[in-house]
Each structure stands twice: as structure tokens, then as C-alpha cells.
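# Tertiary structure, described
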Amino acid sequence: MGISPNSDEAWMRYAFRLAQRAEQQGEVPVGAIVVKDDLCIAEGWNAPITTHDPTAHAEMVALRKAGLALENYRLCDTTLYVTLEPCVMCMGAISHARIKRLVFGAFDPKRGAVCHALSLSDASFLNHRVDWVGGVLEMECSELLSNFFRVRR
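Below or above, wherever it landed, is the structure these notes cover. All of these numbers come straight from a predicted model, not from anything done at the bench. (Residues numbered from 1 in each chain as written. Predicted model: local features only at pLDDT ≥ 70, side-chain atom pairs only at ≥ 80, totals over all residues. Heavy atoms only, no water.)

## Comments concerning the layout of surface pockets
As a reminder of what qualifies: Any residue with an atom within 4 Å of a point lines the site, the site being either a cavity, points on a 1 Å grid over the protein atoms alone where a 1.4 Å probe fits but cannot get out, or a pocket, an open set with protein on both sides within 12 Å along at least 5 of 7 lines. Grid points are joined across faces, edges and corners, and a volume is the space filled by probe spheres set on the points. For this classification, Asp, Glu, Lys and Arg are treated as charged, while Ala, Val, Leu, Ile, Met, Phe, Trp, Tyr, Cys and Pro are nonpolar and the rest, including Gly, are polar.
Its volume calculated, the largest pocket comes out at about 520 Å³. As for the largest pocket, its lining consists of 20 residues, and the residues nearest its centre are Leu84, Asp108, Arg111, Leu145 and Phe149. Considered class by class, the residues forming the lining of the largest pocket number 10 nonpolar, four polar and six charged.

Below you can see the structure in the form of C-alpha cells.
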């Protein structure tokens, strides 16, 4: 059974609300969830500033929680929803976790590691390929980030 675009939008709205939570905490507004069998099993939002942890990107937080929830470091047959195209660190973790499907909102032409600065989704040296879709609620996700940085500058 495939996931419909409407489902992708609904899950992305959930991740978007988590991104807003990150913003309220003074973090770059990025949110992420891991979904398995049409249930959210883990969530996260950017927290490197508040946790003093450079690896506490939304994706990493959600992946760690999903591993605990499934009691497995391999997150097979899951979908990761994130409001921003993942960076190189997060794409490495996504691949190692064996995420089946990645759905992201805003594209990141400068640092995105799915299809922009790097195309790790196609990297021959990785032993797992992640199916991905970008641009789900792209405008909303991009505006949230743009507004955050505009206020900070």
C-alpha cells in the first residue's frame, strides 16, 4: 500500500509544528518525524543549541528515538518526514538506519545532501538507497526558515 500525497502533506504538517517548537526555543526551525505502518513512532526538532550537541539536528533526534521505539538501529520500512532537505551528517545516518523513504519540505541548495550540494541519495559508495520526495509544503517550510533568519539578522 503506497502513501498518498495527502498523507505526505498531513505528516509534513506534523513535522512543521515541531519546527515551530524549535523556533520557540531559539533553534533553527526544523522538525522531523519517523512513521511506520501509518503511525508516528518518533519525533524531533532541532536542538543543538539547547542540548549543547552539534549532532542534535531534527532528523538525528527523531532517528535516535525511533531506534529506541523499535529496539533496533535499523529502521526498515519507515518514512522520515523533515521540513528541510537533510545535511550530509543526517543523510549518512538516514542511510545507515535503512530508512525506506524520505520526504522533505524545503530544498537547501547550499547545504542539502539529498539532491543539491551533494547527491547522497545516488551515491554509489552507500550500500542503501533511500527513495525520496522533496518539496512537500515547500513554501510553508521555506517561509518559516526565511522569517527566522530575517529576524535574527
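## A closer look at the environment of Leu68
This is how it is decided: Labels follow the DSSP assignment, with helices taken as runs of H or I lasting at least four residues and strands as runs of E lasting at least two, numbered in each case from the N terminus.
Tracing the backbone shows Leu68 in helix H3 (residues 58–70). A sequence separation of 26 residues divides Leu68 from Ala42, and the C-alpha atoms of the two residues are 9.0 Å apart.

## Focus: the pairing of strand E1 (residues 31–36)
Under the convention used in this document: Only protein chains enter the calculation, and the probe is 1.4 Å; a residue is then buried if its accessible area is under 20% of its type maximum, exposed if over 50%, and partly exposed in between. At least two bridges found by DSSP between two strands are what make those strands a pair.
Counting buried residues along E1, five of its six residues qualify, which places the element largely inside the surrounding structure. For E1 and strand E2 (residues 39–45), the ladder comprises six bridges, and the chain directions are antiparallel. Directly across from Ala32, in E2, lies its bridge partner Gly44. In the sheet, E1 pairs with strand E3 (residues 78–84) via five bridges, with the strands oriented antiparallel. Residue pairing for E3: Lys36 is matched across the bridge by Thr78.

## Quick word on the packing of H3 against helix H4 (residues 88–96)
Heads up, the condition is: Helix axes use the C-alpha atoms of the stretch in contact, all axes being lines fitted to C-alpha atoms, and the angles between their N-to-C directions lie in the range 0 to 180 degrees. Any angle that falls under 35 degrees is termed roughly parallel, while one over 145 is termed roughly antiparallel, one within 65 to 115 roughly perpendicular, and all others oblique. Note on convention: the crossing is left-handed when the near helix lies turned anticlockwise from the far helix by less than a right angle, right-handed when the turn is clockwise. We call two residues contacting when some pair of their heavy atoms lies within 4.5 Å.
Put simply, H3 and H4 touch, their axes get as near as 9 Å, and they point 25° apart. Relative to H4, H3 is oriented roughly parallel. Crossing of H3 against H4: the hand is left-handed. Contact with H3, carried on its side by Glu59, Met60 and Leu63, involves Met89, Cys90, Ala93 and Ile94 of H4 and no other residues of that element.

## Structural notes on the nonpolar core
Note the threshold: What is meant by a nonpolar core is a set of buried Ala, Val, Leu, Ile, Met, Phe, Trp, Tyr and Cys residues, joined one to another through side-chain atoms within 4.5 Å.
Membership of the largest hydrophobic core comes to 45 residues, with the highest contact counts inside it found for Met12, Leu63, Ile94 and Leu102. For this core, the secondary structure elements donating two or more residues are helix H1 (5–24), E1, E2, H3, E3, H4, strand E4 (101–106) and helix H5 (138–152). If we skip the residues at most four places from it in the chain, Leu63 touches Val34, Leu75, Ala93, Ile94, Ala97 and Ile99.

## Topic: the environment of Leu39
You can see Leu39 is positioned in strand E2. Between the C-alpha atom of Leu39 and that of Thr78, which follows or precedes it by 39 residues, the distance is 9.7 Å. The contact partners of Leu39, leaving out residues within four places of it in the chain, are Trp11 and Val34.

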